[in-house]
Amino acid sequence: MRILTGVQPSGQLHWGNYFGAMKPIIDRQGTGEVFVFVAQYHALTTVHDAAALRAATRDVALDFLACGLDPARACLFRQADVPEVHELAWMLSVVTPMGLLERCHSYKDKLARGLPASHGLFAYPVLMAADILAYQSDVVPVGRDQKQHVEVTRDIAAKFNQTFGAEVFKLPEPLISERVAVIPGLDGQKMSKSYGNTIGLFDEPKAVKAKIMRIATDSTPLEAPKDPDACRVFALYKLFASEAEQEEMRGNYLRGGYGYGHAKKALFEIYQRTLGPFRERREHLAAHPDEVEDILRAGAAKARAAARRTLEAARLAVGLD
Ligand code: ADP
Ligand code: TRP
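The structure presented is a predicted model; accordingly, all values stated were derived computationally and were not measured.

Undergrad: What is the right way to look at the site of ligand 2 in this model?
TA: Ligand 2 sits among 14 residues. The nearest are Q8, Y124, M128, D131 and Q146. A distance of 2.7 Å separates a nitrogen atom of ligand 2 from a polar side-chain atom of Y124. Burial of ligand 2 by the surrounding chains reaches 90%, relative to a free accessible area of 370 Å². When contributions to the shell around ligand 2 are tallied by element, the ones reaching two or more residues are strand 1 (2-7) and helix 7 (119-134).

Undergrad: Can you walk me through the site of ligand 1 in this structure?
TA: Taken together, 15 residues lie near ligand 1, and H14, G143, D145, I183 and K193 sit nearest. At 2.9 Å, a backbone N or O of M191 approaches a nitrogen atom of ligand 1. K193 is positioned such that a nitrogen or oxygen atom in its side chain is 2.7 Å from an oxygen atom of ligand 1. For the shell around ligand 1, a count of residues per class yields 6 nonpolar, 6 polar and 3 charged.

Undergrad: How should the pairing of strand 3 (residues 74-78) be read in this particular structure?
TA: Along any regular strand the residues' side chains alternate between the sheet's two faces. In terms of burial, strand 3 is a largely internal element, 5 of the 5 residues being buried. Every second residue of strand 3 is oriented toward a common face, with A74, L76 and R78 on one face and C75 and F77 on the other, all of them buried. Of the strand pairs in this sheet, strand 2 (residues 33-38) and strand 3 are connected by 5 bridges, and their pairing is parallel. From the neighbouring strand, F35 faces strand 3, where its bridge partner is C75.

Undergrad: How should I be thinking about the side chain of E84 in this particular structure?
TA: As for its position among the elements, E84 is in helix 4 (residues 84-93). Leaving out residues up to four positions away in the same chain, E84 has contacts with R304, A307, R308 and L311.

Undergrad: Explain the domain arrangement of the protein chain to me, please; I cannot follow it from the model alone.
TA: Buried accessible area, meaning the area lost when the parts come together, often serves as the stated size of an interface. When the domains of the protein chain are assigned, the result is domain 1 (2-183 + 289-318) and domain 2 (193-282). Measuring from the centre of the C-alpha atoms in domain 1 to the corresponding centre in domain 2 gives 32 Å. At the boundary of domain 1 with domain 2, total buried surface from both sides reaches about 1700 Å², with 66% on carbon and sulfur atoms. At the boundary of domain 1 with domain 2, the tally comes to 2 salt bridges. The shortest N-O distance in the salt bridge between D59 and R282 comes to 3.1 Å. Our count for the contact surface shared by domain 1 and domain 2 stands at 5 residue pairs in polar contact (both at pLDDT 80 or more). Within the residue set of the side of domain 1 that touches domain 2, elements represented by two or more residues are helix 1 (15-26) and helix 3 (50-66).

Undergrad: Just checking my understanding: could you explain the pattern of salt bridges for this structure?
TA: Once their charged atoms are close, side chains differing in charge can pair, the charge on each being opposite to the other. As enumerated under the stated definition, the model contains 21 salt bridges in all. With a closest N to O distance of 3.0 Å, D59 and R58 form a salt bridge. In this structure D59 comes out as partly exposed when scored by relative accessible area, which is 26%. We classify R58 as partly exposed; its relative accessible area is 43%.

Undergrad: Please explain the packing of aromatic side chains as it appears in this structure.
TA: For any pair of aromatic rings, the description rests on two quantities: the centre-to-centre distance and the angle between the ring planes. Applying the stated criterion to the full structure yields 16 aromatic pairs. Pairing F160 with F169 gives two aromatic rings, centres 4.9 Å apart and planes at 65°, and the pair type is edge-to-face. Like F169, F160 is buried. Pairing Y253 with Y260 gives two aromatic rings, centres 6.3 Å apart and planes at 65°, and the pair type is edge-to-face. Residue classification places Y260 among the buried positions, given a relative accessible area of 10%. Taken together, the ring pairs connect W15, Y18, F19, F240, F268, Y271 and F278 into an aromatic cluster. Note that K110 overlies the ring of Y124, its terminal NZ or CZ placed 4.0 Å from the centroid. For the cation-ring pair, K226 lies above Y260, with the distance from its terminal atom to the ring centre recorded as 5.7 Å.

The rules we used
Residues numbered from 1 in each chain as written. Chains lettered and ligands numbered in written order. Predicted model: local features only at pLDDT ≥ 70, side-chain atom pairs only at ≥ 80, totals over all residues. Heavy atoms only, no water. Near = heavy atom within 4 Å. Polar contact = N/O pair within 3.5 Å; in protein donor to acceptor, adjacent residues only side chain to side chain. Areas by Shrake-Rupley, 256 points an atom, 1.4 Å probe, with all protein chains shown as cover. Helix = DSSP H or I, 4+ residues; strand = E, 2+ residues; numbered from the N terminus. Nonpolar A, V, L, I, M, F, W, Y, C, P; charged D, E, K, R; others polar. Buried < 20%, exposed > 50% of the residue type's maximum accessible area, 1.4 Å probe, protein only. Pairing = 2+ DSSP bridges. Contact = heavy atoms within 4.5 Å. Domains from an automatic or database assignment. Buried area = accessible area lost by both parts, 1.4 Å probe. Salt bridge = Lys/Arg side-chain N within 4 Å of Asp/Glu carboxyl O. Phe/Tyr/Trp six-rings, centres within 6.5 Å; stacked < 30°, edge-to-face > 60°. Lys NZ or Arg CZ within 6 Å of the ring centre and 35° of its normal.

What follows is the structure in structure tokens.
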């Protein structure tokens, strides 16, 4: 089984990205063939600054490796190292109904947020379909916001296969982990870089501590019992904690005599314990860019071989062989 996901290099990754998108795929290494790529061409729809794109591309690769993506068991590569995807995107584009793209929420949301309407922004789901179909992916773990794009991918693949009378593309399934579908931010809304309510995956511990300490809580006195399910600190603590740790913390809230300050301290400690080793690994990798480059090149060679096979089948189906 091939499991694939792409992550845009469009800013610093945060806890929401880690628990919602990165950890689910990293945890699946070993259960299938994992492909992860840096979606540079998708970021290019909104990032128009070469230095920023370059730096963010490097950061996404470092972040994944630091968080435990293992190049011996997974394939990590840059989208731009597999140009075959663009030829596929065009072939898919000619069978994609306009109406299908016009219905995409993500495009409408971006316009509503004030992004200028460009052809790239509009055609983005076709490129995403090419990314997924090029590697004959079976499963695509994504956040809830990307589910529609995977459904669009299925529609486009089916339309292509039907139009050209050949089973060129496998229909992928989206995979959404409900437990981590929406990670809350510091203000309780979805954690998102667009809302400025994030905690960066590799923020300095001092800055993380300050952010945790500023999380708003209600004014229940220290001695009184508290509702864990109404508390943002508990919601974040749960991401890191084992079942047993969660139950213990729940008991502390319900018993009373346990303040929000205690809970914040516990959140900071469990964050340090979990993400601290990732930070050390990231520092090592950042100091050894050649190692990272070798990993990305090896990943691209493997991905490209898979994409070439699909492209050849697609060319044959449409009469471009
Ligand atoms: P942002 O909302 O910060 O711009 P992106 O849209 O770039 O994040 O998301 C990248 C990946 O991380 C996607 O798969 C997305 O679904 C996931 N993700 C982002 N924020 C969250 C969150 N708060 N909870 C769960 N998953 C998230
Ligand atoms: N569109 C995805 C996002 O914004 C990134 C992405 C691009 C992707 N191509 C993909 C995700 C293919 C999964 C599969 O998060």
